[in-house]
Number of protein chains: 2
Amino acid sequence: MLEVKTPEEVLRLIEKEFIPCGLSETVLLSEALGRVLAEDIKADEFVPDFDRSTVDGYALRAKDTFGCSDAIPAVLSLAGEIRMGEAAEINVPRDFCAYVPTGGAIPEGCDCVVMVEYTEDYGDGTIGILKPGAPGMNMIFRGDDVFPGKTVLKSGRVLSPQDIGALAAIGRILVPVRPHLRVGVISTGDELVSTDSTPGPGQVRDVNSPMLEALLKDFGAEPVNFGIVTDDEKLLKEKTAAAAENCDAVIISGGSSAGVKDAACRIIDELGELLFHGIAIKPGKPTILGKTGNKPLIGLPGHPVAALFVAKLFVLPLLAQLEGRKMRSWPVRAELAESLNANHGRMQVNACCLEEGDGKLKAVPVRSKSGLITQLAGADGYLVIGRDLEGLPKDAEVEVYWH
Amino acid sequence: MLEVKTPEEVLRLIEKEFIPCGLSETVLLSEALGRVLAEDIKADEFVPDFDRSTVDGYALRAKDTFGCSDAIPAVLSLAGEIRMGEAAEINVPRDFCAYVPTGGAIPEGCDCVVMVEYTEDYGDGTIGILKPGAPGMNMIFRGDDVFPGKTVLKSGRVLSPQDIGALAAIGRILVPVRPHLRVGVISTGDELVSTDSTPGPGQVRDVNSPMLEALLKDFGAEPVNFGIVTDDEKLLKEKTAAAAENCDAVIISGGSSAGVKDAACRIIDELGELLFHGIAIKPGKPTILGKTGNKPLIGLPGHPVAALFVAKLFVLPLLAQLEGRKMRSWPVRAELAESLNANHGRMQVNACCLEEGDGKLKAVPVRSKSGLITQLAGADGYLVIGRDLEGLPKDAEVEVYWH
């Protein structure tokens, strides 16, 4: 019998046992949002490709304005006006200046821009400068944003809207990303009927398949539904083998009765290698992990609430490991609205709602019997109580994972 | 001239000026992830529809086991075994018990389940109970999770994977959701060329259109690209009118030079009503909001960084208001890794990265000149410095918005 693992041991095991795939596919920039970058992105040009003004004002040489003030303006001749989207082809000799709009190109020889608010147009072809310029003032230099060879984004990053903006800036219209992971989803249990059926006596609808498929889609994986399998070891083995053949990972959920749990262990062991059976977490203990090649075979508890917590805490990090994805997410700190018991020698996970009041954020635990899915519907997230704690008092500071 | 509004005034104005749409469309449960619920969802049946066991054990009458112990077991006759997915049709008289697996139905007359670990099968048709039962122990009652009329999910909620699970549990395969908001996106500026072009002298690629379109998709809206419009007031007015006709909201970005800013104000005023011009925020001051009917006409700054912050802080809440969506998101608290200056009398927004070390989460500000999009690529989020602060010292506690 394999030992029950602690959550930390499970996460270390995932890193040790599974190798990030090196696969890459190319998508259009307009389809790249939320995808996982498969390579570092380096720029191969300058952005901007010219010195630009960051204000509406006059481009000039700073040294022509030293010492000027409201009382004693520096008077410069106007050489002309730069137009947006055009090269700065105006010749600006010493003691001359040129009008330049925000974003406009700076003429050669000029080294700063004085904002129009600090100037006076005398109307006779001369401009009074009321505040001295300093070299570089109100300018972005060529390549300030990006220069050839600069790493703009790192491999493993999940592309955000601002990353899409950065890729647009450097003209990257084709983006190398990880292929979507295909994840097979199998529900087991003689009591399960599909979502669109009306349960007969002793039956319940399959909650785990649609819930896990939604979770996988939300993560950016492609769920493949292998249906509901009754508690028949031969059939379950066939389905699991087919799923492992066709997918990058397989999740079997359910089979919470003792006989079926053993069957899932046997099947995983026969199809590949059983890594552990049991995580010291409540709810979620009867979790199984194995692998065939680099493909994880995951047995989740049948209780939807346990299945959800285990999927979020361990399955998503495992899929991220397969993709070489950097997971970036952080809990929010809140004050516990009611005391919570925990004395199981296991890490405990509790659904909660977040409520603002008196300038404080309160975490209100959702209390209900195990296996009730509606405790989660409407909840904002979950909090974790460490295995060494006997619970948490009211007003304790807790960290709530809400995403 | 309209006054510059504070961020709080802008958010209040949005609530006051725009009416949540009452529209609804029906989608399949498998397509409902991330959609905004258009009605409260009430159950019309019991879940579970029968009393269920939460453990593998023996269903019995608690009073038949009072006072029993390891030393003096209560000896009950075995009436039979309940099978998963079947009605509990076994007759269990007094002083009898029935084996029931986790999730199995409880036979009539039984009021609790004693875990198999606390029993002994004597092999002669009798079972020794070593620990007394208590009414309700290890059971979920009919309707414990859901009963007819119970509100399972509230209107305005963005459907999460667990909500999909709850809808599956009650057999809701058709879900009423808000239609996707169509948002027209227009970029203006003579210096702009499309992402797939190579900028000539004085030109830059349009960053705002692809970035804002990605942000809108991420939010769950449908962006409609109206292209790049040069600084031509007549053309811009035509495009804006066409976008307002076809969409639920219009975003014009760019036009940061003084003349074009005035043009955008005039256009919005002519097509509808100008609500304000300017938000006391840095970057992002030159933001314009108007409306035609209940459709917002939004003028965003041309700087991509300013456009992004204003879109996140004000445009997304505005779209949520139109949908009747409840926005649920919270910042993470971190320690500022370096001091930050701010003395503008305006709220200041700063991109930052989050780094873990010494058991602390540090917010490392991204420093760069305004308008640089790559300062955001790779950043984890942003923090806000209130308008009354002159900056923040190193180690100050800050709240980072990362999503």
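Residues numbered from 1 in each chain as written. Chains lettered and ligands numbered in written order. Predicted model: local features only at pLDDT ≥ 70, side-chain atom pairs only at ≥ 80, totals over all residues.

1. Overview of the overall build of chain A
Put simply, the rule is: Per the convention used, a helix needs a DSSP run of H or I reaching at least four residues, while a strand needs a run of E reaching at least two, with both numbered from the N terminus. Working definition of burial: number of other C-beta atoms within 10 Å of the residue's own, with buried at 20 or more, exposed at 12 or fewer, and partly exposed in between, all C-beta atoms being placed from the backbone. For every residue pair, C-beta atoms are placed from the backbone, and the pair is scored as a contact if these atoms sit within 7 Å.
The helix and strand inventory of chain A stands at six helices and 28 strands. Along the longest, intermediate and shortest principal axes, the C-alpha atoms of chain A span 95 × 50 × 40 Å. Considering chain A as a whole, with its 403 residues, one finds that 52% of them fall into the buried category. Excluding contacts between residues fewer than 6 apart, the proportion of contacts in chain A whose partners are at least 24 apart in sequence is 71%.

2. Concerning the pairing of strand β4 (residues 57-60) of chain B
Let me state the cut-off plainly: One requirement defines pairing of two strands: DSSP has to find at least two bridges between them.
As defined by bridge partners, β4(B) adjoins strand β6 (residues 96-100) of chain B across three bridges and the pair is classed as antiparallel. Across the sheet, Ala59(B) pairs through a bridge with Ala98(B), a residue of β6(B).

3. Focus: the relation of the copies chain B and chain A
The condition that has to hold: Overlaid copies result from least-squares superposition on C-alpha atoms, with residues included only where pLDDT is at least 70 in both.
The two copies are related by a screw operation: chain B maps onto chain A through 180° of rotation and 0.0 Å of translation along the axis, at an RMSD of 0.0 Å. Both copies of the chain, as the preceding transformation shows, are related through a two-fold rotation axis. Taking C-alpha positions as reference, the residue of chain B nearest the rotation axis is Val332(B), located at 2.5 Å. A symmetric contact is evident, with 100% of the interface residues of chain B recurring at the interface of chain A.

4. With respect to helix α3 (residues 208-219) of chain A
Note the cut-off: Here a helix's expected span is defined as the number of its residues, less one, multiplied by 1.5 Å.
For α3(A), with 12 residues, the first-to-last C-alpha span of 16 Å sits near the 16 Å given by 1.5 Å per residue. Where burial is concerned, most of α3(A) is hidden: 10 out of the 12 residues are buried. All of the buried residues along α3(A) are Asn208(A), Ser209(A), Pro210(A), Met211(A), Leu212(A), Glu213(A), Ala214(A), Leu215(A), Leu216(A) and Phe219(A). Residues of α3(A) that are buried in the fold lie against β13 (182-188), β16 (222-229), β17 (249-254) and α6 (304-323) of chain A together with α2 (161-169) of chain B. One or two steps after α3(A), the chain reaches Gly220(A), where phi turns positive at roughly 105°.

5. Digging into the interface of chain B and chain A
Accessible area lost upon the coming together of the parts is a frequently used measure of interface size. What counts, and what does not: Residues are grouped as follows: Ala, Val, Leu, Ile, Met, Phe, Trp, Tyr, Cys and Pro are nonpolar; Asp, Glu, Lys and Arg are charged; all remaining types, including Gly, are polar.
Listed per partner, the contact involves 79 residues of chain B and 79 residues of chain A. Of all the secondary structure elements, the ones that give two or more residues to the side of chain B that touches chain A are β11 (151-153), α2, β15 (204-205), α3 (208-219), α6 (304-323) and β22 (332-336) of chain B. Considering each element in turn, the side of chain B that touches chain A owes the most residues, eight residues, to α2(B). Within the side of chain B that touches chain A, the residues separate by chemical class into 39 nonpolar, 21 polar and 19 charged.

6. A short note on unusual backbone geometry
In this chain, Val47(A) is followed by Pro48(A) through a cis amide linkage whose omega measures -10°. Relative to the helices and strands, Pro48(A) is located in the loop between β2 (41-42) and β3 (52-53). With an omega dihedral of -5°, the bond running from Lys282(B) to Pro283(B) counts as a cis peptide bond. Phi at Asn138(A) is positive, roughly 55°, even though this residue is not glycine. Here Asn138(A) lies in the loop between β9 (126-129) and β10 (139-140). A residue is classified by how many C-beta atoms lie within 10 Å of it, and Asn138(A), with 23 of them, is buried. Although it is not a glycine, Asp395(A) adopts a positive phi angle of roughly 75°. Tracing the backbone through its elements, the reader meets Asp395(A) in the loop between β27 (391-392) and β28 (397-401). Given 13 C-beta atoms within a 10 Å radius, Asp395(A) is considered partly exposed.

7. What about the packing of α3(A) against α2(B)?
The cut-off we apply is this: Whenever a helix is involved, its axis is fitted only over the stretch in contact; in every case the axis is a line through C-alpha atoms, and angles between N-to-C directions fall within 0 to 180 degrees. For classification purposes, angles smaller than 35 degrees are called roughly parallel, those larger than 145 roughly antiparallel, those between 65 and 115 roughly perpendicular, and all remaining angles oblique. Left-handed describes a crossing whose near helix is turned anticlockwise from the far helix by less than a right angle; the clockwise case is right-handed.
Contact pair α3(A) / α2(B): the axes reach a minimum separation of 8 Å and the direction vectors enclose 155°. Between α3(A) and α2(B), the angle is such that the two are roughly antiparallel. Where α3(A) crosses over α2(B), the two elements pack in a sense that is right-handed. In this structure, α3(A) uses Pro210(A), Met211(A), Ala214(A), Leu215(A) and Asp218(A) to contact α2(B), whose residues at the interface are Pro161(B), Gln162(B), Ile164(B), Gly165(B) and Ala168(B). Looking at the contact of α3(A) with α2(B), its residues break down into seven nonpolar, two polar and one charged.

8. Considerations on the packing of helix α1 (residues 7-17) of chain B against α6(B)
Residues and elements named next belong to chain B. Orientation of α1 relative to α6, taken along the N-to-C sense of each, is 20°, at an axis distance of 10 Å. Compared by their axis directions, α1 and α6 come out roughly parallel. In the crossing of α1 with α6, the sense of the turn from one axis to the other is right-handed. Of the residues in α6, those touching α1 at Pro7, Val10, Leu11, Ile14 and Glu15 are Leu313, Phe314, Pro317, Leu318 and Gln321. Across the contact of α1 with α6, the residue classes tally to eight nonpolar, one polar and one charged.

9. Re the sheet that holds strand β20 (residues 288-292) of chain A
Across a sheet, strands are paired by hydrogen bonds formed along the backbone, either parallel or antiparallel in direction. All names here are of chain A. With mixed pairing, the six strands of this open sheet are ordered in space as β16-β13-β17-β21-β20-β18. Each edge of the sheet is formed by a strand with only one pairing partner; in this case those strands are β16 and β18 (273-277). Ignoring which end each strand starts from, the neighbouring axes of this sheet average 15° apart. Where α6 meets the sheet, it contacts β17 and β21 (295-300), and its direction lies at approximately 175° from that of β21.

10. Some points on the pairing of β28(A)
All names here are of chain A. Residue alternation in β28 divides its side chains into a buried set, Val398 and Val400, and an unburied set, Glu397, Glu399 and Tyr401. Pairing geometry for strand β22 (residues 332-336) and β28, over four bridges, is antiparallel. Its bridge partner lying in β28, alanine 334 is registered against valine 398. When strand β26 (residues 381-385) meets β28, the two strands line up antiparallel, connected through two bridges. Directly across from tyrosine 382, in β28, lies its bridge partner tyrosine 401.

11. Focus on the domain arrangement of chain A
Convention followed: Here the bounds of each domain stem from an automatic or database domain assignment.
Looking at chain A, the domain boundaries give domain 1 (7-22 + 179-323), domain 2 (25-47 + 145-177), domain 3 (52-140) and domain 4 (332-401). One C-alpha centre belongs to domain 2 of chain A, the other to domain 3 of chain A, and the line joining them spans 36 Å.

12. A word on the environment of Gly22(A)
Along the polypeptide, Gly22(A) turns up in the loop between α1 (7-17) and β1 (25-28). In the structure, Gly22(A) is positioned 53 residues away from Val75(A) in sequence and 63 Å away in space, judged by C-alpha atoms.

13. Description of the environment of Tyr122(B)
All names here are of chain B. Take tyrosine 122: it is sitting in the loop between β8 (119-121) and β9 (126-129). Considering only alpha carbons, one finds tyrosine 122 and leucine 181, 59 residues apart in sequence, at a separation of 67 Å. Discounting chain neighbours no more than four positions away, the residues touching tyrosine 122 are Ile127 and Gly128.

14. Some words on the sheet that holds β6(B)
All names here are of chain B. Overall, mixed pairing links the six strands, which are arranged β7-β4-β6-β5-β9-β8 in an open sheet. Looking at the sheet topology across the chains shown, the edges are occupied by β7 (112-115) and β8. When strand polarity is set aside, the average angle formed by the axes of neighbouring strands in this sheet is 40°. Both strand β5 (residues 74-81) and β6 contribute to a ladder of four bridges, which runs parallel. Looking at the pairing, leucine 78 lines up with cysteine 97 of β6.

15. Here we look at the confidence of the model for chain A
This is how it is decided: For every residue, the predictor states its confidence as a pLDDT score lying anywhere from 0 to 100.
For chain A, per-residue confidence averages 93 on the pLDDT scale, and 97% of positions sit at 70 or higher. Note on the complex model: pTM 0.95, ipTM 0.95.

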